[in-house]
Amino acid sequence: MFKAKLIRRIVYASLVAIAIFPLYTMVFEYPMFTRLLMDNAVDDAHRIARHLADSAVDPDRILSKETIKKDFLSDAGTLLKDFGLIKLKIFAPSGLVLFSTDARDIGVVNRETYFRENVASGENYAKVVTKDTQTLEGQVMKRDVVEAYIPLMSGARFRGAFEIYLDITDERQRLNVLLSRSYFLISVISLVLLGTVIASSFRASRSIRQRERAEEEIHRINADLSTLFEISSAVSKTLNLDDLLSSLLTTMTRQDILRFERKGGIYIIEDKELVLRSHLGHSEQFVSQRGKLKIADFACGDAVRTGAVVVVNHAGANLHGIHSENDVPCGHVIIPLRGTSAVIGILYLYVPADTVVDERHKRLLGTIGNEVGMAVENARLFAKTLELSLRDPLTGLANRRLMDIMLDNSIGIAKRYGTPLSVLIADIDFFKQYNDTYGHTAGDELLARLAGILRNTMREIDLAVRYGGEEFLILLPETGCDKAIEIAERVRKTIQSEAGVTISFGVTCYRPSENRDAMIARADEALYKSKQEGRNRVTLSM
């Protein structure tokens, strides 16, 4: 803006400067040259007057009828032609016209102030006037004439004066032609300069506008990149899906892209439904009523089906499943989260009603959706990989890697807070014989069936582990020996009743300063004792 104002000021200054050139010619140059022309004429008149004075009167004598030489008067006509004068007058000191080439002037007294104050004081006095002159053919023509009064002085004494009329018409016409050409040339130069200034100003203004637009575009791009960087940072901090989605919602609602409200949510597609996995600013009632949405319904489904950002400018009613909880009119922006090959969910955010989302912002939101979709897909893949790495693929129970982690944590808690902890180790009786009789496939199915029974009979805080082959380990936090034996008996009877096989248990309880391996070793000894005493029983390690 400042640069545009500067350009305008330069144009205005140039216009003023260009306008001054012709004005200077008219106001200053023409009068100056006219004055110079008149000064030259006065100088000529002064030289002529000196010459005439020598011919008309004796030196130091005052001009009068008696002192003017007779031969001067008779030769006056010749003198006029010799010096190219239009008219000649001789004045006495009193202003009386003693001689004139025009007889009508003789005897007239010049009483003008300039004659008394200027000429009589010894000053040359001149002025330019226009006179009517008659040609030899009798035509009257306008002529520019310099009337020059040349005083004759002897020291400080005024002896009289000559009034000499010099024709400067030709000189003035030549001056006018010269000045006209000069004026024309200056005008042309001024117009060329004006055109150059205007063209340069136009190019400069256009360049400034282009630069300002480029700067604005760079600013927008930097803002978009900053937004993308913040979103990328938020979703790359963790591979835990819940933490990732929560961080994303918090970060998105802090952006200045479209004045997002501090409210929104993320639906993930699960079993052909949209399941609300994370939300911000919603009540429990909202979550319970809209925890799951059909993909075929509402504007959320449009975002899933089309893969495009959907903008609902104004909605106060339940038109799209995620309307405002208090039915206050508002707008929504629904961003599809695109994974590797398909949309895997949507991110919805609240904006003021009638918010206009231009194509640039839609592209930015689409890019955010793609990045978040990939992050969600990676988090889900990580969770699945982690699950596979910590779970037995046949039974779905925890494997020994997860058992080691959980048992160490449980021992640490028991040691710190003095809470009880028990471990059960179970082994299927005659499992080799079962495999030989029914085949390994049937054996695998039996293992899976027993794993299901264990999951159904355990508490949420308990952990069932496939310890190896046909052996299982059950971790029972906050459980003493008596309760552990009771649980083992219940599981043993349930398996015998539902699976048609028997199982032997070894039970151990945590002892202070005991580590994981020692605790498992004692449970294994108790199991071995159950086997020795006839199987299908529970034995406590003492």
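Scroll up a little and you will see the structure.
Given the structure is predicted, the values throughout are model-derived calculations rather than measurements. (Residues numbered from 1 in each chain as written. Predicted model: local features only at pLDDT ≥ 70, side-chain atom pairs only at ≥ 80, totals over all residues. Heavy atoms only, no water.)

Chemist: It is not clear to me how the overall build of the protein chain should be interpreted in this structure. Could you clarify?
Modeler: Secondary structure summary: the protein chain contains 14 helices and 16 strands in total. For the protein chain, the proportion of its 542 residues judged to be buried stands at 43%. Accessible surface for the protein chain amounts to roughly 29700 Å². Of this, 54% is attributable to carbon and sulfur atoms. (Helix = DSSP H or I, 4+ residues; strand = E, 2+ residues; numbered from the N terminus. Buried < 20%, exposed > 50% of the residue type's maximum accessible area, 1.4 Å probe, protein only. Areas by Shrake-Rupley, 256 points an atom, 1.4 Å probe, with all protein chains shown as cover.)

Chemist: Before we go on, may I ask you to explain the sheet that holds strand S12 (residues 421-428) in this structure?
Modeler: In sheet architecture, strand pairing relies on hydrogen bonds along the backbone and comes in two forms, parallel and antiparallel. Across the sheet, which stays open at both edges, the five strands sit in the order S13-S14-S12-S15-S16 with mixed pairing between neighbours. The open sheet terminates on both sides in strands that have one partner only, identified here as strand S13 (463-468) and strand S16 (538-540). Neighbour to neighbour, the strand axes of the sheet diverge by 20 degrees on average, direction disregarded. (Pairing = 2+ DSSP bridges. Axes fitted to C-alpha atoms, helices over the stretch in contact; angles between N-to-C directions.)

Chemist: Teacher, can you tell me more about helix H9 (residues 359-390) here?
Modeler: Side chains that are three or four residues apart share a direction in an α-helix, a result of its 3.6 residues per turn. Taking 1.5 Å per residue, 32 residues should reach 46 Å; H9 reaches 46 Å between its end C-alpha atoms and fits that length. Along H9, the positions that sit buried rather than exposed are His361, Leu364, Leu365, Ile368, Gly369, Val372, Gly373, Ala375, Val376, Ala379 and Leu390. On its buried face, H9 sits against helix H5 (169-235), helix H6 (241-253), strand S6 (264-270), strand S10 (330-338), strand S11 (343-351) and helix H10 (400-417). (Expected span 1.5 Å × (residues − 1). Contact = heavy atoms within 4.5 Å.)

Chemist: Which parts of the structure should I look at to understand the packing of aromatic side chains?
Modeler: If you walk through the whole model with that rule in mind, you get 10 aromatic pairs. Ring geometry for Phe91 and Phe115: centres 5.3 Å apart, planes at 50 degrees, overall tilted. One end of the pair, Phe91, is in strand S1 (residues 85-91); the other, Phe115, is in helix H4 (residues 113-117), and 24 residues separate them in sequence. Judged by centre distance (4.7 Å) and plane angle (45 degrees), the ring pair of Tyr434 and Tyr438 falls under tilted. Of the two residues, Tyr434 and Tyr438 are both situated in helix H11 (residues 431-438); the distance of four residues between them amounts to about one turn of the helix. (Phe/Tyr/Trp six-rings, centres within 6.5 Å; stacked < 30°, edge-to-face > 60°.)

Chemist: What is the right way to look at a positive patch on the surface in this model?
Modeler: Side chains of Arg203, Arg206, Arg209 and Arg213 sit close together on the surface and give a patch of like positive charge. Relative to the assigned elements, Arg206 resides in helix H5. (Patch = residues over 30% accessible without salt bridge, like charges linked within 9 Å, V, L, I, M, F, W, Y side chains within 5 Å. Salt bridge = Lys/Arg side-chain N within 4 Å of Asp/Glu carboxyl O. Lys, Arg positive; Asp, Glu negative; His and termini not counted. Charge placed at Lys NZ, Arg CZ, Asp CG, Glu CD.)

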